Amino acid sequence: MVRTRRALHQHPELAYQEVETSKLVADRLESLGIEVRRNVGGTGVLGVLKGAKAGRVVALRADMDGLPVQETSDVDFRSKVEGVMHACGHDTHVAMLLGAARLLSDHKRELHGTVKFLFQPAEEHGGRGGAMPMIEDGAMKDPRVDFVFGLHIEGARRSGEFGVKEGAIAAAPDAFKVKIVGRGGHGSAPHETIDPIYVVAHVILALQGVSARMIDPVRPFVISVGAVHSGTKENIIPDVATLDGTIRTLDEVTRKLAKKRVEEVAKGVCRTFGARAEVEFEKDAYPVTVNDPRTTERAVWVLKKIPGTRVKRVEAMLGGEDFSRFLQKAPGTFYFLGTRNPEKGCVYPNHSSKFKVDEDVLKFGAASLAMLAFEFGNPTGPSQER
Ligand SMILES: [Zn+2]
Ligand SMILES: [Zn+2]
């Protein structure tokens, strides 16, 4: 697994371009005697392993894409691709799921049911992402998936610690764009213009009021503006200003309300100053990632059996995850595995250009995925009776 992970780490591929990665995955699965479907929803790979005994269908997922980050870590297997890095640890996800595939195929005779291996593209992309195209291409059907599990490596959590949570664990990340249409002119005569730069400043300030004054404070909600664009020269008032932002919510009611308020506030502020606002939310934004409580409780029972690890309840995060789309098709759980180890210099968060993984945890991740498939595949197994 360490060798595989390092090879992937040196050759990261961006969203929708995971050609070599998915080839490696598909070849490896085939060499294990696992039935493989290539090019599922683009660059996705689906592996299907049938156990010798009757049982349920359990899907395990790994995402495969890297990030547009120039690596600055001190490992000697640094990325060889300029400006691209596995800074979120998806290389470890692939290696761990291949490890789990190996374990499960070695124990095919004792295995109940069917295991589906979902190697998905483009988790970091947002919007359509990689789960949706795979689902549209039938990955969760024929046979229909009964349970689905996904694991994410976490730089901020102690090495060997699993993070679990029932219910909402990751946010719906709704990106939005506001285009403020004014009327340009000379900087010396603002009264003859509608200055979109002045207006955009008001819009940015007012939008924080949605968070501070319009959303129930006990419901998690955040709004951030990440980009503002306008203008060319100090004495020209431009025609247009745009801003890009994101809102994060953990439930659909707050999500709907927040989107409505953002639009109203942006348009209202613009109207006040005579400008016009066009507000657009990203289509197909990821839904809230909601872990099935009963499945999660049983999964915790399974995870607790893995020697050398700990299981800890975690708070939800406001990042987005398109594993949420698999969870809309089958009950399951999305959980974390810590990799923070100061002795080895593994102290940087996911997405950092210095992100460094404690590779000793890969065996825990692989074991956890394999055990979840093994236990949940068995309809009369101990995890199902609980
Ligand atoms: Zn990420
Ligand atoms: Zn990630």
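Located above this text is the structure these notes cover.
Residues numbered from 1 in each chain as written. Chains lettered and ligands numbered in written order. Predicted model: local features only at pLDDT ≥ 70, side-chain atom pairs only at ≥ 80, totals over all residues. Heavy atoms only, no water.

**A look at the sheet that holds strand E8 (residues 172-181)**
Line of reasoning, step 1. Across the sheet, which stays open at both edges, the four strands sit in the order E10-E12-E8-E13 with antiparallel pairing between neighbours. With partners counted over all chains shown, the strands left at the sheet margins are strand E10 (221-230) and strand E13 (276-281), one partner each. Along the sheet, successive strands turn relative to each other by an average axial angle of 20°, direction set aside.
Line of reasoning, step 2. Sheet topology places E8 next to E13; six bridges connect them, and they run antiparallel. The residue bridging Val-178 from the neighbouring strand is Val-279, located in E13.
Line of reasoning, step 3. Running at roughly 170° to E10, helix H5 (residues 196-214) makes contact with E8, E10 and strand E12 (240-249) of the sheet.
Line of reasoning, step 4. Helix H6 (residues 252-272) contacts E8, E10, E12 and E13 of the sheet and is inclined by roughly 160° relative to E13. (Pairing = 2+ DSSP bridges. Helix = DSSP H or I, 4+ residues; strand = E, 2+ residues; numbered from the N terminus. Axes fitted to C-alpha atoms, helices over the stretch in contact; angles between N-to-C directions. Contact = heavy atoms within 4.5 Å.)

**Comments concerning the pairing of strand E4 (residues 112-120)**
Line of reasoning, step 1. Across the nine residues that make up E4, a large majority, nine, are buried.
Line of reasoning, step 2. In this sheet, E4 lies alongside strand E3 (residues 53-63) in parallel orientation, the contact comprising eight bridges. Paired with Ala-59 across the bridge in E4 is Lys-116.
Line of reasoning, step 3. Between E3 and its parallel partner E4, the chain crosses via helix H3 (residues 90-106), and the hand of that crossover is right-handed. (Buried < 20%, exposed > 50% of the residue type's maximum accessible area, 1.4 Å probe, protein only. Right-handed = clockwise from strand over helix to strand, strands pointing away.)

**A closer look at the packing of helix H7 (residues 293-303) against helix H9 (residues 362-377)**
Line of reasoning, step 1. Viewed as axis vectors pointing N to C, H7 and H9 meet at an angle of 120°, and their least axial separation amounts to 10 Å. Taken together, the axis directions place H7 and H9 in an arrangement best described as oblique. For the crossing formed where H7 meets H9, the hand is right-handed. Contact with H7, carried on its side by Thr-295, Arg-298, Ala-299, Trp-301, Val-302 and Leu-303, involves Ser-368, Met-371, Leu-372, Glu-375 and Phe-376 of H9 and no other residues of that element.
Line of reasoning, step 2. Taken together, the residues of the contact of H7 with H9 sort by class into seven nonpolar, two polar and two charged. (Parallel < 35°, antiparallel > 145°, perpendicular 65-115°, else oblique. Left-handed = near helix turned anticlockwise from the far one by under 90°. Nonpolar A, V, L, I, M, F, W, Y, C, P; charged D, E, K, R; others polar.)

**Here we look at the packing of aromatic side chains**
Line of reasoning, step 1. Taken as a whole and assessed by the stated rule, the structure comprises eight aromatic pairs.
Line of reasoning, step 2. Members of the aromatic cluster, each reached through a chain of ring pairs, are Phe-323, Phe-326, Phe-334 and Phe-336.
Line of reasoning, step 3. Just above the ring of Phe-281 sits the side chain of Lys-259; from NZ or CZ to the centre is 5.2 Å.
Line of reasoning, step 4. Here the basic side chain of Lys-363 rests over the ring of Phe-364, its NZ or CZ set 4.9 Å away from the ring centre. (Phe/Tyr/Trp six-rings, centres within 6.5 Å; stacked < 30°, edge-to-face > 60°. Lys NZ or Arg CZ within 6 Å of the ring centre and 35° of its normal.)

**So, the pattern of salt bridges**
Line of reasoning, step 1. Per the stated rule, a full pass over the model turns up 33 salt bridges.
Line of reasoning, step 2. Glu-154 is the partner of Arg-157 in a salt bridge, and the nearest nitrogen-oxygen pair spans 2.8 Å.
Line of reasoning, step 3. By relative accessible area, which is 13% here, Arg-157 ends up buried.
Line of reasoning, step 4. Residue Glu-154 is classed as buried on the basis of its relative accessible area of 18%.
Line of reasoning, step 5. Salt-bridge contacts for Glu-263 lead to Lys-267; the nearest nitrogen and oxygen are separated by 2.9 Å. On the criterion of helical spacing, the pair formed by Glu-263 and Lys-267 is a turn pair, its members being four residues apart in helix H6. (Salt bridge = Lys/Arg side-chain N within 4 Å of Asp/Glu carboxyl O.)

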